Amino acid sequence: MDVRRRISGFTLLEILIAISIISLLASIGYPSYQQYIVTANRAAAQQFLLEAASVQQQYLLARNGDGYASQDALIGPGGLLSPPSSISTFYTITNVTTSLPTDPPTFTVTATPIVDSIQQHDSELTINNIGSKTGVW
């Protein structure tokens, strides 16, 4: 009796079609994923800037209106805030304060995108002592 076994499996053509469909879907989805990552990183930086502004206001109240925290006191080593690596990898955080004798003290906290990171084409984010924000919020 001639019994032929049917070998089950995929043909080379079926595998190539499946790979091409997966490649097509990946090429469509990857740019959307990258944009999602950029948006998520920006949201994290915005949240950090809001937290820094809140800490600055608390610092001013604790010092009875005598001035805001300097860069080192706010963000430096041993400072009041430390940006997580998810922010410091993509943004440089700076804090500029002024304290003139005749004017009330001011601050501006800025998140500048780091060149050669995924955020490099993102806008610079700032917040100041009156809550004014610039950049894409």
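What counts, and at which threshold
- Residues numbered from 1 in each chain as written.
- Predicted model: local features only at pLDDT ≥ 70, side-chain atom pairs only at ≥ 80, totals over all residues.
- Heavy atoms only, no water.
- Helix = DSSP H or I, 4+ residues; strand = E, 2+ residues; numbered from the N terminus.
- Buried < 20%, exposed > 50% of the residue type's maximum accessible area, 1.4 Å probe, protein only.
- Contact = heavy atoms within 4.5 Å.
- Pairing = 2+ DSSP bridges.
- Phe/Tyr/Trp six-rings, centres within 6.5 Å; stacked < 30°, edge-to-face > 60°.

Asks: Can you explain the environment of Leu74? Please cite residues and give values.
Replies: Position of Leu74 among the secondary structure elements: in helix α2 (residues 71-74). Judged by its relative accessible area of 0%, Leu74 is buried. Taking the C-alpha atoms as reference points, Leu74 and Thr94, 20 residues apart in sequence, are found 9.4 Å from one another. The residues contacting Leu74, other than those within four sequence positions of it, are Ala52, Val55, Gln56, Ala69, Gly79, Leu80, Leu81, Asn95 and Val109.

Asks: Can you break down the pairing of strand β3 (residues 125-128) residue by residue, with the values?
Replies: By the alternation rule, side chains of β3 split into Leu125 and Ile127 and Thr126 and Asn128, which are all buried. Pairing of β3 with strand β4 (residues 133-134) involves two bridges; the strand directions are antiparallel. Along β4, the bridge assignment pairs Ile127 with Lys133. Taken together, β3 and the strand that follows it, β4, pair antiparallel across an intervening segment of four residues, in which Gly131 is found at a positive phi of about 85°.

Asks: Can you explain the side chain of Thr126? Please cite residues and give values.
Replies: By the secondary structure assignment, Thr126 is in strand β3. For Thr126, a relative accessible area of 11% translates into the label buried. For Thr126, the residues in contact, after removing those within four places along its chain, are Leu49, Thr108, Val109, Thr110, Ser132, Lys133, Thr134 and Trp137.

Asks: Break down the packing of aromatic side chains for me, citing the residues and quoting the values.
Replies: If you walk through the whole model with that rule in mind, you get one aromatic pair. Both rings, one in Tyr68 and one in Phe107, keep their centres 4.8 Å apart while their planes meet at 70°; by these two values the pair is edge-to-face. In this pair, Tyr68 sits in the loop between α1 (12-62) and α2 while Phe107 sits in strand β2 (residues 106-113), placing the two residues 39 residues apart along the sequence. Accessibility expressed as a relative area gives 12% for Tyr68, which makes it buried.

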